[in-house]
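# Residue-level structural notes
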Amino acid sequence: MSNPATPPRSLAEALRAKDDASLAVLLRARPDLITPVPTDLTQLATRAGTRASVLRALERLDRFALQTAEALAVAGDPASYGELLGLMAGDGGDPLVAAALPRALGTLRDQALVWGDDDRLRLVRTTREVLAPSPQYPSPTGLGPTVREATSGMSPGRIQEIVTTAGLPSTHDSVSAADALGRLFGHRKKMAKLLAAAPAESREVLSRLVWGPPYGQVTPEPAAHLRWLLDRGLLLPTGPGTVVLPREVALHLREGRAHREPEPVPPAVEPTATHRPQVVDATAAGQAYTALATVEELLKDWDEGGPTVLRAGGLSVRDLKRTAVALDLSEPVAAFWVELAYAAGLLASDGEADERYAATPAYDEWLDRPPAERWTQLAQAWLTATRASGLVGGRDTKDRALSALGPGLDRSAAPEVRHRVLTLLAGLPEGTAPAAASVLARLRWERPLRGPQQQGDDLRGRLARWTLSEAELLGVTGRGALSAHGRAFLGAPPVEPLVEKEQEAAGPGDKLPVHHHRPAAVLEPLSPPEQAVAAAAAGRLLAPLLPEPLDHVLLQADLTAVAPGPLQRPLADALGVLADVESKGGATVYRFTPASVRRALDAGRTATDLHAFLTTHSRTPVPQPLAYLIDDVARKHGHLRVGAASAYVRCDDDTVLNEIMADKRAAALRLRRLAPTVLATQADPAALLEGLRAMGYAPAAESAEGDVLITRAHAHRTPPRTAPEPVPDGPPPPDGTLLAAAIRAIRAGDLAATTPRKPAGTAVQGGELPRTTPAETLATMQAAVLTGGTLWIGYVNAEGTASQRVIAPIRVEGGFVTAYDHTADEVRTYPLHRVTGVAELAEG
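Described below are features of the structure shown in this document. Remember, predicted model here, so these are calculated numbers, not experimental data.

A few words now on the overall build of the protein chain. Along the backbone of the protein chain there are 35 helices and 25 strands. Taken across its 844 residues, the protein chain has 46% of its residues classed as buried. Residue pairs in contact within the protein chain that sit at least 24 positions apart in sequence constitute 66% of those at least 6 positions apart. Here the protein chain has roughly 40900 Å² of accessible surface; of this, 55% comes from carbon and sulfur atoms.

The following block contains the structure:
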């Protein structure tokens, strides 16, 4: 164990000096470090320095913390806090940078990317390799190599020439010459004097390279102003025709700053409009109701089996277009609703040979819930889903088309981006809509893009833009501002209500004062139990704002019915059979036609039933044209009977059959008379029914027993399906219980690995298990039982995994040792034959 007063010599020692709370912060920020749990702190430090883990940690830093790490990568190793502050704030200083730097440095320390005291700050080696400049991957700071690095392959004679030309005395070797040149370039007054003598063209060249990239091209015979720079080492050759601006020179020209624009403070989310909270909530509630209606209409349209599943999975472009036309929406919006129903577990493939999409049994359960609960289920599915419908219509990395409900739409960052965007909205005053550009700028500061390969694909920016539009479609926001039920859904505390006088004094576009709103930074994703509570609270706020379903319509003389609002489900279902929807919106218009009335009669309703239904549910008298239409269709309905011969038509009135045979339109049916009252055809009954109806007749289908078949819509359902699981973005953050157990195991393993042992007969190298004979192992165990001593043992479990443990033996009998295991922090029993060896711990 290292002395707390002694500076740590490695990352492992720095971790060993941390308390449990600090280790918990590290493991919570980098959960990949405990997957699986390391055996000790040395292994934890090794894992924290692996390239994959370091890259993941760097990608989760905010811009200023990343800038701080980039500055440390071009500083000395180790670097002092004063040197780091100079690189970040420059020679002139910057109070904002000075105030924010301790937080950024603390973040790097908490995530084990930096270790050491303030006078000896060290970047983890892999972090320095990733961020340090190189010819292949220039530093994000735009700085090049140091003088020593740039002159490492230069001939000693050439280096001495440069030193002499720069006005320095020659040295005895190349290393000291490079160091002397670097000290000159780093000395502000001497460097200013040297540059004052430079030609104007030379200073212009330096100004073009100062902020990067630091590399340039020269000809074999450079111009005089370039020769002046080369002779004094202000430009150093790195290869044939290539020169570089040394880091010390660039820092002088930058006045000591590693970055052109340090960003210690996150950009503010700017408001673009402010609305009355009541208007925002009402608008969002209207959108929430529209969302429920759209999902119902989508799955009702697929009630008897939806589109077929492509061989590669997903919807075809043609089926998506048809769905968009049926919903009267654009294709991207239709894809969003299809994907949302799928994410909520309401839609899936049926898994049959002719695989089709259809509603799941969970859809029927969803329909039986109150509207507010149905909305919270959709909102929860949207917030946590990793599928991004905005990708539909694009191409994947292999140039394959991305289709709705198909593979390749999962983006693990989607839930985090959605939650963060809504959190930023929750941090604004109530009723305030943000400017989309400011939201994107804030997200880029919190998770800056790294590397040229990411600059061209700003996935987080696209996810944020989709989130803003999808939240509006779903009713989480209204007029761009977060609604009260949306705020509750995030778990944010409600904003204190405005006093009545403020409400009366404010106009529709006035900015209302807000007494309390929760800062965006403190809203963390909720656990499942917390999310259930938040969803219930959101439902209670939304329920009073949703329109009450109506039990009536308004019948009109032009064979239409107007529903002035949402209808109760039994009424809407019955009216959907009896009439066709002509237009949708705030009021739905239904049109009655002979075909729609015949559809209701086919479903088993009689003319008397239909008259009674309309009389009961109409606030206006049943118009005479509608009554005549129902009676006329009912009088003809079933007069002809169609059955299977392949198919036949029978009618008690042979004159009607004569008319059919004489009609030229019946030629395609290829009818022939079997009897005065029976016609037969090779066509199937369904085709015969459609053909006769097209000729203006109203035939009815009959069974083999001669009874009229009542046709009702068949609700096709898939077998029970579970909603798709989100694709995780790495290991999930550990909960408190797992963290405590992991830290306890790491500490115990570290104790076993670092506790001094007494010298044994067989030397044990670091990291190796102790080796003793069975007789020595048994004798040492029995002695420890008598003396109450603590032992260090090597143990191989049944799976063949070797580990080292610190135990206090309690009892040895029957080939087993029962001991208190300090590594596991519990009493355990071990077979002696699995103990590789034993060593006594040194006293103290």
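Resuming the write-up.
The final tally for this structure, using the stated rule, is 4 aromatic pairs. Its end group placed over the ring of Trp366, Arg374 keeps NZ or CZ at 5.3 Å from the ring centre.

This next bit is on the packing of helix α13 (residues 200–209) against helix α14 (residues 224–231). In a packed pair of helices, the relevant descriptors are the angle between the two axes and the axis-to-axis distance. In the contact formed by α13 and α14, the axes pass within 8 Å of each other and the chain directions differ by 70°. The angle between α13 and α14 places the two elements in the roughly perpendicular class. The hand of the α13/α14 crossing is right-handed. On the side of α13, the interface is formed by Glu201, Ser202, Val205 and Leu206, while α14 contributes His225, Leu226, Trp228 and Leu229. In terms of residue class, the contact of α13 with α14 is built from 5 nonpolar, 2 polar and 1 charged.

What follows covers the sheet that holds strand β15 (residues 588–591). Read from one edge to the other, the open sheet built from 4 strands follows the order β12-β13-β15-β14, with strand pairing classed as antiparallel. Strands with a single pairing partner mark the edges of an open sheet, and in this sheet they are β12 (554–556) and β14 (580–583). If you compare each strand with its neighbour and ignore which way they point, the axes differ by 30° on average. With 3 bridges connecting them, β12 and strand β13 (residues 560–563) associate as antiparallel partners. Looking at β13, one finds that Leu555 is bridged to Ala561.

Either a parallel or an antiparallel arrangement is found when strands of a sheet pair, and the pairing is made through backbone hydrogen bonds. Read across the open sheet, the 3 strands follow the order β3-β5-β4; overall the sheet is antiparallel. The open sheet has two free edges, formed respectively by β3 (215–217) and β4 (236–239), since each of these has just one partner strand. Taking the axes of each pair of neighbouring strands and ignoring which way they run, one obtains an average angle of 40° across the sheet. Bridge analysis of β3 against strand β5 (residues 242–244) gives 3 bridges, and the strand direction is antiparallel. The residue bridging Gly216 from the neighbouring strand is Val243, located in β5.

Once that is clear, we can look at the side chain of Ser483. Turning to its location among the elements, Ser483 is positioned in the loop between β11 (481–482) and α25 (484–490). There is a polar contact of 3.2 Å between the side chain of Ser483 and the side chain of His485. Not counting residues up to four positions away in its chain, the partners in contact with Ser483 are Val280, Asp281, Ala284, Gly475, Val476 and Thr477.

Looking at the element boundaries, Ala819 is found in strand β23 (residues 816–821). In the structure, Ala819 is positioned 10 residues away from Thr829 in sequence and 6.4 Å away in space, judged by C-alpha atoms. The residues touching Ala819, leaving out its near neighbours within four places in the chain, are Ile807, Ala808, Pro809, Ile810, Glu826, Val827 and Arg828.

Let's shift gears to the environment of Gln782. Its location among the elements puts Gln782 in helix α35 (residues 774–787). Along the sequence, Gln782 and Ile810 sit 28 residues apart, while their C-alpha atoms lie 9.0 Å from each other.

The next thing to look at is the pattern of salt bridges. Scanning the model with the defined rule gives 35 salt bridges in all. Residue Arg63 is joined to Glu263 by a salt bridge in which the shortest nitrogen-to-oxygen separation is 3.4 Å. Of this pair, Arg63 sits in helix α5 (residues 63–74) while Glu263 sits in the loop between α15 (247–253) and β6 (271–274), and the two are 200 residues apart along the sequence. Judged by its relative accessible area of 24%, Arg63 is partly exposed. The salt bridge partner of Asp364 is Arg717, with a shortest N-O separation of 2.9 Å. Taken as a pair, Asp364 in helix α19 (residues 361–367) and Arg717 in the loop between β20 (700–701) and α34 (736–754) lie far apart in primary sequence, 353 residues in all. Shared partners join several salt bridges into a network, and the residues in it are Arg158, Glu161, Arg227 and Asp231.

With that settled, consider a negative patch on the surface. Taken together, Asp652, Asp653, Asp654 and Glu659 make up a surface patch of like negative charges. Its location among the elements puts Glu659 in helix α32 (residues 654–662). Its relative accessible area of 47% is what places Glu659 among the partly exposed residues.

This part is about the nonpolar core. By size, the foremost hydrophobic cluster in this structure holds 71 residues, and its most contacted members are Trp375, Leu378, Trp382 and Leu474. Non-local contacts of Trp375, meaning those with residues more than four positions away in its chain, are made with Ala288, Leu292, Leu474, Gly475, Val476, His485, Ala538 and Leu542. Membership of the second largest hydrophobic core comes to 66 residues, among which are Val54, Ala57, Leu209 and Leu235.

On to helix α30 (residues 607–617), then. Inspection of α30 places Ala607, Leu610, Phe613 and Leu614 among the buried residues, and these make up the whole buried set. One face of α30 carries all of its buried residues, which in axial projection span an arc of 125°. Opposite its buried face, α30 presents the exposed residues Thr608, Thr615 and Thr616, each directed more than 90 degrees away. The secondary structure elements touched by the buried residues of α30 are β12, α28 (569–578), α29 (594–602) and α31 (624–636).

Where helix α16 (residues 277–301) meets helix α17 (residues 317–327), the closest approach of the two axes is 10 Å, and the angle between their N-to-C directions is 125°. Taken together, α16 and α17 sit at an angle that is classed as oblique. α17 is crossed by α16, and the crossing has right-handed handedness. Within the contact between the two elements, α16 uses Thr294, Glu297, Leu298 and Asp301 and α17 uses Thr323, Ala326 and Leu327.

Criteria and cut-off values
- Residues numbered from 1 in each chain as written.
- Predicted model: local features only at pLDDT ≥ 70, side-chain atom pairs only at ≥ 80, totals over all residues.
- Heavy atoms only, no water.
- Helix = DSSP H or I, 4+ residues; strand = E, 2+ residues; numbered from the N terminus.
- Buried < 20%, exposed > 50% of the residue type's maximum accessible area, 1.4 Å probe, protein only.
- Contact = heavy atoms within 4.5 Å.
- Areas by Shrake-Rupley, 256 points an atom, 1.4 Å probe, with all protein chains shown as cover.
- Phe/Tyr/Trp six-rings, centres within 6.5 Å; stacked < 30°, edge-to-face > 60°.
- Lys NZ or Arg CZ within 6 Å of the ring centre and 35° of its normal.
- Axes fitted to C-alpha atoms, helices over the stretch in contact; angles between N-to-C directions.
- Parallel < 35°, antiparallel > 145°, perpendicular 65-115°, else oblique.
- Left-handed = near helix turned anticlockwise from the far one by under 90°.
- Nonpolar A, V, L, I, M, F, W, Y, C, P; charged D, E, K, R; others polar.
- Pairing = 2+ DSSP bridges.
- Polar contact = N/O pair within 3.5 Å; in protein donor to acceptor, adjacent residues only side chain to side chain.
- Salt bridge = Lys/Arg side-chain N within 4 Å of Asp/Glu carboxyl O.
- Patch = residues over 30% accessible without salt bridge, like charges linked within 9 Å, V, L, I, M, F, W, Y side chains within 5 Å.
- Lys, Arg positive; Asp, Glu negative; His and termini not counted.
- Charge placed at Lys NZ, Arg CZ, Asp CG, Glu CD.
- Core = buried A, V, L, I, M, F, W, Y, C linked by side-chain atoms within 4.5 Å.
- Arc of directions from axis to C-beta.

Worth remembering: the numbers are spatial, not functional.
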